[in-house]
Amino acid sequence: MIGMVEALAFLDRGWDQELDLLILQGAGAGPLAQGFLDRGQRRIIAYCPSPDESGELPVEVLGVRSVGELRHAVLSFDGELHLASVKVLPIHEPGRAAEESQQVVSEVNDVIDGIRSAQGEVDALGGQWTARCFANLPAIARVPGVGALRGACAGLPVVVVAPGPSLGDELPVLARLKGRAVLLALSGAGTPLMRAGVVPDLILAGGPEEVRDHLEGHSLADAEALILATSAHPDLFRLPVRRTFSIAAGSALEEWIFESLGAKAQIIPPVGGSFAAAVRLALLMKGDPVVLVGADLAFPSAGPAGADGNDMIDRASTQRLVWVADSAGGRVATGPAFLCLRNWLRSVAARMSSRVELLSASQRGAAIPGFPYRPLADITAKIGAEPIDLADRLARAAGRVDLAAQLKGARQAASILLQKLDISIAVFGECAQLSLQAAQSELALNRLRQTEAARPGLASEMSTFLMLPSQKTAEVSAQAGSARSLPEVMRASASMYFMLYKHAVSVREVLRE
């Protein structure tokens, strides 16, 4: 069991005991957590998948037993949480293999990496993301979610097609696979596939990024279904296709949407975006084998290879590159985003490889632990020649969803949310005005305190729901933290409330439409 002295040495010298988050993993977290609390640490999560591992936890410590609970626990901290300052402390105990403990640490790190990645997308696209989700609400309510596809491809080969550099080499082989395996393609791979006369069975367009051009000018009559993110461009929900399914990216807003529909949201993993969603969907549908094509996760033209694990700077893009093993036994350059996705795939393989055959046919890319490389032609030769019955399977899956109940639930939820937005707009507008007046008026300051006390937690709840950019909220928080006078504090307060007010008004306008 790790000792307290050793545990304290684990933290950086610049560690902020008030703001930074400590995650304890393993047996005996309770006593260790109390030791950290006694020394001033305020934010602690104990991650113990087995209920008997943690021991009795102090009331100040959040105890979680699953990766899903861990993600929600991390997100439950307010906007002052610095995701750059999160530490995972594994507690190695007798009787547990180091590999098992390291696997849990890897899962925790995947969660943290995913939240960082998702927050980056929110910062870049948050306003568009929110607007798209609400604009798409009627369309989302009229189509099944991908949760309906659970087990739909049991026993069928599923080929996940990504738009990596090696995809072009495999187009002739993919043409021979059409009708014999399920071709699940990212929208970015749709153009090269359809130009080669290969229409994917399933096409996934995830996230609010502009991807309409991926599908423009191509007939989708032979595609079995589109899988669309709730934040996809509304035009995509109007494309003439046989079927559409929706998929969520894991934001609080999208979870609310799926809860309102009475459907369990199938979440896109925050690590890896649409490609990870496609892999997860293939596993959800119980495809076997699951084959990756065009998933190079590397930059084959980065230059001469360096030593494994050594990093370098790509001067053309200022991208930090790392050399890793490639599929052919050599080395290839990859970057942080690809490494994050590669690590996620490795954790998937660790959990799933005993239940499903996982293969990579991405010949130019980074080797993916747990997804052994096989030439696509060799994989194709082992797949039967009989046509698959995918259309019937998808029809049965979609037919099990009560779309009328979904639409009714969406209307009721939208009505309730509009009422909440009306209240929030009134409160945030009043608090913004009172904050501006409070520096000069004790009466205004008292009214501000009373208004905030009457609606505790409203600002925190709505800031997450409205997907406010973390950079802007961090700037306002820093402004408040460095304030040395009441007027400076009130200016920061007014800035925050005005930002909440503006976002709430824009959401209400979209929802009313």
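Report on the accompanying structure.

### With respect to the packing of aromatic side chains
Part 1 of the argument: Enumeration according to the criterion identifies two aromatic pairs in this entry.
Part 2 of the argument: A ring pair is formed by Phe299 and Phe338, whose centres lie 5.3 Å apart and whose planes are at 40°; its orientation type is tilted. A residue pair is termed long-range when its members are at least 10 positions apart, and Phe299 in the loop between strand E10 (290-293) and strand E11 (311-314) and Phe338 in helix H10 (residues 336-352) qualify at 39 residues.
Part 3 of the argument: Since its relative accessible area comes to 28%, Phe338 is described here as partly exposed.
Part 4 of the argument: Ring centres of Phe428 and Tyr497 lie 6.2 Å apart, and the angle between their planes is 35°; on these two criteria the pair is classed as tilted. Of this pair, Phe428 sits in helix H13 (residues 403-438) while Tyr497 sits in helix H17 (residues 486-512), and the two are 69 residues apart along the sequence.
Part 5 of the argument: When its relative accessible area of 1% is taken as the criterion, Phe428 is described as buried.

### Looking at helix H12 (residues 390-399)
Part 1 of the argument: Leu390, Arg393, Leu394 and Ala397 are the residues of H12 that are buried. The buried residues of H12 occupy an angular sector of 95° when the element is viewed end-on, so they sit on one face.
Part 2 of the argument: On its buried face, H12 sits against strand E6 (182-186), strand E7 (202-205), strand E8 (225-229) and strand E9 (244-247).

### Brief notes about the pairing of E8
Along any regular strand the residues' side chains alternate between the sheet's two faces.
Part 1 of the argument: Counting buried positions along E8 gives five out of five residues, so the element sits mostly inside the fold.
Part 2 of the argument: Burial along E8 is two-sided: the residues Ala225, Ile227 and Ala229 and Leu226 and Leu228 are all buried.
Part 3 of the argument: Note that E8 and E9 share four bridges and pair parallel. From the neighbouring strand, Ile227 faces E9, where its bridge partner is Phe245.

### A look at the sheet that holds strand E5 (residues 158-161)
Part 1 of the argument: Taken in spatial order, the seven strands make up an open sheet running E9-E8-E7-E6-E5-E10-E14, and their pairing is parallel. The strands lining the two open edges of the sheet, one partner per strand, are E9 and strand E14 (358-360). Taking each pair of neighbouring strands and ignoring which way they run, the sheet shows an average axis angle of 20°.
Part 2 of the argument: The sheet contacts of helix H7 (residues 187-195) involve E5, E6 and E7, and relative to E6 the element is tilted by about 115°.

### What about the pattern of salt bridges?
Part 1 of the argument: On inspection of all chains with the given rule, the structure shows eight salt bridges.
Part 2 of the argument: With its nearest N and O atoms 3.4 Å apart, the salt bridge here joins Glu224 to Arg243. Highlighted residues: Glu224 in the loop between E7 and E8 and Arg243 in the loop between E8 and E9, separated in sequence by 19 residues.
Part 3 of the argument: For Glu224, a relative accessible area of 10% corresponds to the buried category.
Part 4 of the argument: Residues Asp389 and Arg393 are paired through a salt bridge, measuring 2.8 Å at the closest nitrogen-oxygen approach.
Part 5 of the argument: Judged by relative accessible area, which is 34%, Asp389 ranks as partly exposed.

### Examining the packing of H13 against H17
Part 1 of the argument: Between H13 and H17, the least distance of the axes is 8 Å, while the angle of their chain directions is 155°. In terms of orientation, H13 lies roughly antiparallel with respect to H17. Note that H13 runs across H17; the crossing there is left-handed.
Part 2 of the argument: Tallied by class, the residues present in the contact of H13 with H17 amount to 21 nonpolar, three polar and three charged.

### Describing unusual backbone geometry
Part 1 of the argument: With omega at 0°, the peptide bond leading from Asp288 into Pro289 counts as cis.
Part 2 of the argument: A positive phi is found at Lys286, a non-glycine position, where the angle reads about 65°.
Part 3 of the argument: Here Lys286 is to be found in the loop between helix H9 (273-284) and E10.

### Here's the deal with the nonpolar core
Part 1 of the argument: Of all hydrophobic cores here, the largest spans 52 residues; its most connected members are Phe134, Leu253, Trp256, Ile257, Leu421 and Phe465.
Part 2 of the argument: In terms of residues, this core owes the most to one element, H13, which gives 13 residues.

### A word on the environment of Phe36
Part 1 of the argument: Following the sequence through the fold, Phe36 ends up in helix H2 (residues 29-38).
Part 2 of the argument: With 19 residues separating them in the primary sequence, Phe36 and Gln17 have C-alpha atoms 9.3 Å apart.

### Comments concerning the packing of H13 against helix H14 (residues 442-454)
Part 1 of the argument: Axis separation between H13 and H14 bottoms out at 8 Å; the angle between their running directions is 150°. The pairing of H13 with H14 is recorded here as roughly antiparallel in orientation. Considering how the two elements wind past one another, H13 and H14 form a crossing that is left-handed. Here Val427, Glu430, Cys431, Leu434, Ser435, Gln437 and Ala438 of H13 come into contact with H14, specifically with Ala444, Leu445, Arg447, Leu448, Thr451 and Glu452.
Part 2 of the argument: Residues belonging to the contact of H13 with H14 are distributed by class as follows: seven nonpolar, three polar and three charged.

### With respect to the side chain of Gln41
Part 1 of the argument: As for its placement among the helices and strands, Gln41 is situated in the loop between H2 and strand E2 (43-47).
Part 2 of the argument: A relative accessible area of 0% places Gln41 in the buried class.
Part 3 of the argument: At 3.0 Å, the side chain of Gln41 and the backbone oxygen of Arg43 are in polar contact.
Part 4 of the argument: When near neighbours in sequence (up to four residues on either side) are disregarded, Gln41 contacts Trp15, Gln17, Asp20, Leu21, Leu22 and Phe36.

### Observations concerning the environment of Arg400
Part 1 of the argument: Position of Arg400 relative to the elements: it lies in the loop between H12 and H13.
Part 2 of the argument: Between the C-alpha atom of Arg400 and that of Ala148, which follows or precedes it by 252 residues, the distance is 7.4 Å.

Conventions we followed
Residues numbered from 1 in each chain as written. Predicted model: local features only at pLDDT ≥ 70, side-chain atom pairs only at ≥ 80, totals over all residues. Heavy atoms only, no water. Phe/Tyr/Trp six-rings, centres within 6.5 Å; stacked < 30°, edge-to-face > 60°. Helix = DSSP H or I, 4+ residues; strand = E, 2+ residues; numbered from the N terminus. Buried < 20%, exposed > 50% of the residue type's maximum accessible area, 1.4 Å probe, protein only. Arc of directions from axis to C-beta. Contact = heavy atoms within 4.5 Å. Pairing = 2+ DSSP bridges. Axes fitted to C-alpha atoms, helices over the stretch in contact; angles between N-to-C directions. Salt bridge = Lys/Arg side-chain N within 4 Å of Asp/Glu carboxyl O. Parallel < 35°, antiparallel > 145°, perpendicular 65-115°, else oblique. Left-handed = near helix turned anticlockwise from the far one by under 90°. Nonpolar A, V, L, I, M, F, W, Y, C, P; charged D, E, K, R; others polar. Core = buried A, V, L, I, M, F, W, Y, C linked by side-chain atoms within 4.5 Å. Polar contact = N/O pair within 3.5 Å; in protein donor to acceptor, adjacent residues only side chain to side chain.

So, to be careful, I would describe these as geometric facts and stop short of saying anything about function.
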